[in-house]
Amino acid sequence: VEEELFPAFERSMQSHLDLLRSMPSDDDNAKSVLNGQAAYDSYSSVRDPAMALFTKMFGEAWAQRYVFDFLFDLADGSSVKQEVDLIARTRSNKNRSES
């Protein structure tokens, strides 16, 4: 492993890095990708079904930190709060209309 496999892995990684470094930078595309990832994080942080599980198992503070500081760290907290409030209002209205 140390004599053949690891050196082959190192060569493969070096080739990959060389290829990445040879690519021209595209700042506009990078910004677009980052904005898309932030939108995904905001959307997913609100709808992640694991949040309830994490809250039950580890407490709300830990779950909030894990979801917003690790899983979906690009989520905008104010946008997420607005989204959560909207979902809660929608569910409340739906429940009232079904009664």
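In what follows, the structure referred to is the one given above.
Notes on the structure in this doc start here. (Residues numbered from 1 in each chain as written. Predicted model: local features only at pLDDT ≥ 70, side-chain atom pairs only at ≥ 80, totals over all residues. Heavy atoms only, no water.)

Attention shifts here to the overall build of the protein chain. Counting secondary structure elements, the protein chain contains five helices and zero strands. Seen in sequence order, the protein chain has helices and strands lined up from the N terminus as α-α-α-α-α. Here the protein chain holds 99 residues, and 14% of them are scored as buried. Sequence separation of 24 or more characterises 57% of the internal contacts of the protein chain that already satisfy a separation of 6 or more. As displayed, the protein chain has an accessible area near 8200 Å², and 56% of this comes from carbon and sulfur atoms. (Helix = DSSP H or I, 4+ residues; strand = E, 2+ residues; numbered from the N terminus. Buried < 20%, exposed > 50% of the residue type's maximum accessible area, 1.4 Å probe, protein only. Contact = heavy atoms within 4.5 Å. Areas by Shrake-Rupley, 256 points an atom, 1.4 Å probe, with all protein chains shown as cover.)

Residues Met51, Phe54, Ala63, Val67, Phe72 and Ala75 constitute the largest nonpolar core, which totals six residues. Mapped by element, the contributors of at least two residues to this core are α3 (50–58) and α4 (60–71). When near neighbours in sequence (up to four residues on either side) are disregarded, Phe72 contacts Tyr40, Asp41, Ser44, Ser45, Asp48 and Val67. (Core = buried A, V, L, I, M, F, W, Y, C linked by side-chain atoms within 4.5 Å.)

A separate point is the packing of aromatic side chains. This structure, assessed with the given rule, holds seven aromatic pairs. Taken together, a centroid distance of 6.3 Å and an interplanar angle of 65° make the contact between Tyr40 and Phe72 edge-to-face. Of this pair, Tyr40 sits in helix α2 (residues 27–47) while Phe72 is found in the loop between α4 and α5 (77–98), placing the two residues 32 residues apart along the sequence. One aromatic cluster is present, formed by Phe54, Phe58, Trp62, Tyr66 and Phe70 through successive ring pairs. (Phe/Tyr/Trp six-rings, centres within 6.5 Å; stacked < 30°, edge-to-face > 60°.)

Side chains of Phe6, Phe9 and Met13 sit close together on the surface and give an oily, nonpolar patch of about 300 Å² of accessible area. Within the element layout of this structure, Phe9 appears in helix α1 (residues 5–22). Exposure remark for Phe9: the relative accessible area of 48% places this residue in the partly exposed category. (Patch = residues over 30% accessible without salt bridge, like charges linked within 9 Å, V, L, I, M, F, W, Y side chains within 5 Å. Salt bridge = Lys/Arg side-chain N within 4 Å of Asp/Glu carboxyl O.)

A few words now on the packing of α3 against α4. The N-to-C vectors of α3 and α4 enclose an angle of 135°; their axes lie 7 Å apart at closest approach. Our classification of the angle between α3 and α4 gives oblique. When you trace α3 past α4, the crossing you get is right-handed. Taken together, the residues of α4 that come into contact with α3 (itself represented by Met51, Phe54, Thr55 and Phe58) are Glu60, Trp62, Ala63, Gln64, Tyr66, Val67, Phe68 and Leu71. Per-class residue counts for the contact of α3 with α4 are nine nonpolar, two polar and one charged. (Axes fitted to C-alpha atoms, helices over the stretch in contact; angles between N-to-C directions. Parallel < 35°, antiparallel > 145°, perpendicular 65-115°, else oblique. Left-handed = near helix turned anticlockwise from the far one by under 90°. Nonpolar A, V, L, I, M, F, W, Y, C, P; charged D, E, K, R; others polar.)

Function cannot be read off these values alone, since they describe shape.
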